[in-house]
Structures are given as C-alpha cells and as structure tokens.
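Okay, here's what each chain looks like letter by letter:
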Protein chains: 2
Amino acid sequence: MTKYGKKIWEIVEASRGHPTAEQVFDELRGACPGVALATVYNNLNRLCGEGRIRKVSVEGMPDRYDRAARHDHLVCRNCGRLTDVDLEDLTEELERKAGVPILAYDLKLIYLCGECRKAREKEGR
Amino acid sequence: MTKYGKKIWEIVEASRGHPTAEQVFDELRGACPGVALATVYNNLNRLCGEGRIRKVSVEGMPDRYDRAARHDHLVCRNCGRLTDVDLEDLTEELERKAGVPILAYDLKLIYLCGECRKAREKEGR
DNA sequence: ATTAAAATTAGAATGATTTTAATTTGAAAG
DNA sequence: CTTTCAAATTAAAATCATTCTAATTTTAAT
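Reading the values: the criteria
- Residues numbered from 1 in each chain as written.
- Chains lettered and ligands numbered in written order.
- Predicted model: local features only at pLDDT ≥ 70, side-chain atom pairs only at ≥ 80, totals over all residues.
- Heavy atoms only, no water.
- Contact = heavy atoms within 4.5 Å.
- Salt bridge = Lys/Arg side-chain N within 4 Å of Asp/Glu carboxyl O.
- Polar contact = N/O pair within 3.5 Å; in protein donor to acceptor, adjacent residues only side chain to side chain.
- Helix = DSSP H or I, 4+ residues; strand = E, 2+ residues; numbered from the N terminus.
- Nonpolar A, V, L, I, M, F, W, Y, C, P; charged D, E, K, R; others polar.
- Least-squares fit on C-alpha atoms with pLDDT ≥ 70 in both.
- Pairing = 2+ DSSP bridges.
- Axes fitted to C-alpha atoms, helices over the stretch in contact; angles between N-to-C directions.
- Domains from an automatic or database assignment.
- Buried area = accessible area lost by both parts, 1.4 Å probe.
- Phe/Tyr/Trp six-rings, centres within 6.5 Å; stacked < 30°, edge-to-face > 60°.
- Lys NZ or Arg CZ within 6 Å of the ring centre and 35° of its normal.
- Buried < 20%, exposed > 50% of the residue type's maximum accessible area, 1.4 Å probe, protein only.
- Arc of directions from axis to C-beta.
- Near = heavy atom within 4 Å.
- Core = buried A, V, L, I, M, F, W, Y, C linked by side-chain atoms within 4.5 Å.

Quick look at the interface of chain A and chain B
When the parts come together, some accessible area is lost, and that loss is often what is quoted as the size of the interface.
Phase 1: Opposite the 28 residues of chain A that make contact, chain B presents 28 residues.
Phase 2: Counting every contact that joins chain A to chain B gives six salt bridges.
Phase 3: Taken together, the links from chain A to chain B amount to twelve residue pairs in polar contact (both at pLDDT 80 or more).
Phase 4: For the side of chain A that touches chain B, the secondary-structure elements that each account for two or more residues are helix 4 (91-98) and strand 5 (104-111) of chain A.
Phase 5: Sorting elements by how many residues they give to the side of chain A that touches chain B places strand 5 of chain A first, with eight residues.
Phase 6: Looking at the side of chain A that touches chain B residue by residue, the class counts come to 17 nonpolar, one polar and ten charged.

Structure follows, in structure tokens:
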C-alpha cells in the first residue's frame, strides 16, 4: 500500500464518525503537512475500488467514508446525522423477494435523531 | 398548483424512466418553450417537499426524479441503470430489527443489468 | 545507476444545483 | 376593472464537492 494510502485507510477505519474527504484531509495534515486534497480523493477512490472502505452518500451533503465492515445506516431526516445500525445481512432475503440476483444493497433508515426530535417538541409539534 | 408545477408533476408521474432535471426540462420545453431550468429545479424541489414526487440519487450521476408511490430500486453496479422493483413495505420489519422508530427507508439493490452482464460474458469473466 | 510505472501535487476545470435580484404572474380585495 | 401583494418565474452568476490535467516526485525493480 502507498505512503498515504495506508494512513488514509487507518483514519477511515478507525473513525466511527463517517468523515468527509475534507475531514480526512484535515486529520491527515496533522501528521503530513503538505499533503494535497487531490491525494486524499485519489486514495479514497482507490480504497473504495479495492473494497477496503466504502462511500456513503447522503442527499445534499458531501460524500462520507466508512469502514468496509457490513452494516447499515440511520439518517436523520432533519439534520443528516449518520449513525451505524447493525442489522443482519438481508442479501438473501432481498434477492428472493426481488427475484433477481443481487450483488449487494444500500439501505438507509430515515429517522429523527434525538436532538432533532427534542427541537421539534419544543416548537410544539 | 402552479402553472409549471402541474406539468412537471405530470411529466415525472407519467414517466417510468426516472428522468433527471435536465430531461424533465427538455420534455417540458416541447410544450413551453422559454421555461427556465431554474423553474424546473424549483418545482421539482417543491414537489419533493410536498411528497408528490421523490428524488433518487445514484452515486456519480445527476439526481433523478420518480413518482411518489412506494417502491424500491435496482441499480446496476456497472452502468447505473435504474429499475423499479416492487417489494412489500419493510418499514415495520426494519423498525423492529433496528429498535428505533423510523419514518421511512431508502433501499437500493445493487445488481448487474442484462446488458452489462452480457458485456462481461463476452470479455470472458 | 537506470528505468518505468505509479503516486503526488497545484491548480484549473467541471457540472449539477442553488442563489440572487429583478421581473412577471395571478389571485384576492377594493 | 384597478390595485395590491405574495408567489412564481427568469437569466445569470455563484457555489462547491469532486475530477482532471500536466508536471514533478517517489518507488521499486533491473
């Protein structure tokens, strides 16, 4: 693995916070001042292609990066907050129900996070 | 509903092809030359907000718009082709499994469409 | 030490979408 | 039929995450 590739992978793998490319860049710069943002994008893309990390796109915000291990996500409808959720692997069930061989799936559960629910209640809804 | 709002809704609702804003724009211009692309975006956003249509984002391509009726999607890993698939409503099941109240979910089944599979076979994979 | 391929860099380019500010439209009220 | 005012529309500029380009540097193999 390349000089920056390894470090970037470690940052994403270690993080439970679904960092954006910019956030990975900022963290990497701590150890490697002078690294270019393009390098971060290059490596994130390469790592995704190799299946070593994955990309999580949430409507209207920059792409986020996540460890490869299988899990799904809760997305707050209001603020976009992203949280991991561990559901069993649904591939077989979905394949059977859809009647088509599938390679994988992308499942996001839309909810209201604690903060946003509280904010709503205060406004009296 | 507004002058263009209704037409744009009809275009999206009638289409089974998941058009992009540009494609809606092109179709609308047939009947209404002089309409602005910004108007299409404004109305698509308004209609989404009202729940009368929905937006489908596929990694690396412009957003697509879709009728509101509940259904899920197959997305070709290779070419991005988007196809409807009718699965039963999984909200309750997912809510139970996740242990959190959810408002909705976004499920994409990743597969290889017929064309892409054929292309692969020709190349001998 | 030589080479070639791959990685990195800085900065420009891209392109879908949003924003802005001005103009037009359309419905309700007088 | 006017007046009025909010909402819709327009054209153009702005945004901004991401990709691309071309030049440079690093790496690993020979």
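Section: the relation of the copies chain A and chain B
Phase 1: Mapping chain A onto chain B calls for a rotation angle of 180° and an axial translation of 0.0 Å; the resulting RMSD is 0.0 Å. The two molecules are tied by a two-fold rotation axis, judged by turn and shift. Considering only C-alpha atoms, the part of chain A nearest the rotation axis is L107(A), at 2.3 Å.
Phase 2: Interface residue correspondence from chain A to chain B reaches 100%, placing this contact among same-surface, isologous pairings.

With respect to the sheet that holds strand 3 (residues 72-76) of chain B
One key point about sheets: their strands pair by backbone hydrogen bonds, in either a parallel or an antiparallel sense.
Phase 1: Taken in spatial order, the six strands line up as 4(A)-3(A)-5(A)-5(B)-3(B)-4(B) in an open sheet, and their pairing is mixed. Each edge of the open sheet is held by one strand with a lone partner, namely strand 4 (82-85) of chain A together with strand 4 (82-85) of chain B. Mean inter-strand twist for the sheet, computed between neighbouring axes without regard to direction, equals 30°.

Thoughts on the domain arrangement of chain A
Residue and element names in this part refer to chain A.
Phase 1: Its domain assignment divides chain A into domain 1 (1-68) and domain 2 (70-125).
Phase 2: Inter-centroid distance (C-alpha atoms) of domain 1 to domain 2 is 23 Å.
Phase 3: Carbon and sulfur atoms make up 53% of the surface buried where domain 1 meets domain 2, a total of about 790 Å² over both sides.
Phase 4: With a shortest N-O distance of 2.7 Å, R67 and D84 are connected by a salt bridge.
Phase 5: Run the count over domain 1 and domain 2 and you get eight residue pairs in polar contact (both at pLDDT 80 or more).
Phase 6: Counting only elements with at least two residues in the side of domain 1 that touches domain 2, the list comes to strand 1 (53-56) and strand 2 (64-67).
Phase 7: Residue contributions to the side of domain 1 that touches domain 2 peak at three residues, all from strand 2.

Considerations on the packing of aromatic side chains
Phase 1: Summed over all chains, the structure comprises zero aromatic pairs over all chains.
Phase 2: In this structure, R52(B) is placed above the aromatic ring of W9(B), and the distance from its NZ or CZ to the ring centre is 5.3 Å.

Quick notes on helix 4 of chain A
Phase 1: Along helix 4 of chain A, the residues that are buried comprise T91(A), E93(A), L94(A) and A98(A). Seen along its axis, helix 4 of chain A keeps its buried residues to an arc of 165°; they face one direction. Structural note: helix 4 of chain A exposes E92(A) and R96(A) on the side pointing more than 90 degrees away from its buried face.
Phase 2: Looking at the buried side of helix 4 of chain A, the elements it contacts are strand 5 of chain A together with strand 4, helix 4 (91-98) and strand 5 (104-111) of chain B.
Phase 3: Remark: G99(A) follows helix 4 of chain A within two positions and exhibits a positive phi of approximately 75°.

Some words on the pattern of salt bridges
Phase 1: The final tally for this structure, using the stated rule, is 22 salt bridges over all chains.
Phase 2: One connected set of salt bridges, linked through shared partners, spans E88(A), E93(A), K97(A), E88(B), E93(B) and K97(B).

Describing the protein's contact with DNA strand C
Phase 1: If you check the shell around DNA strand C, you find 16 residues, and the closest are A36(A), T39(A), N43(A), Y41(B) and D63(B).
Phase 2: The backbone of A36(A) places a nitrogen or oxygen atom 3.0 Å from a phosphate oxygen of DNA strand C.
Phase 3: N43(A) is positioned such that a nitrogen or oxygen atom in its side chain is 3.0 Å from a phosphate oxygen of DNA strand C.
Phase 4: For the surface near DNA strand C, the secondary structure elements donating two or more residues are helix 1 (3-14) and helix 3 (37-49) of chain A together with helix 3 (37-49) of chain B.
Phase 5: Among the elements that line the surface near DNA strand C, the one with the most residues is helix 3 of chain A, at five residues.
Phase 6: Counted by class, the surface near DNA strand C contains seven nonpolar, six polar and three charged residues.

Points about the nonpolar core
Phase 1: Core analysis: the biggest nonpolar cluster contains 30 residues, and L94(A), L107(A), L109(A), L94(B), L107(B) and L109(B) have the highest contact counts within it.
Phase 2: If you list the elements that add at least two residues to this core, you get strand 3 (72-76), helix 4 and strand 5 of chain A together with strand 3, helix 4 and strand 5 of chain B.
Phase 3: With residues up to four places along the chain from it excluded, the contact list for L107(B) reads L94(A), Y105(A), D106(A), L107(A), D72(B), H73(B), L87(B) and L90(B).
Phase 4: With 15 residues, the next largest nonpolar core counts Y4(B), I8(B), V12(B) and A21(B) among its residues.

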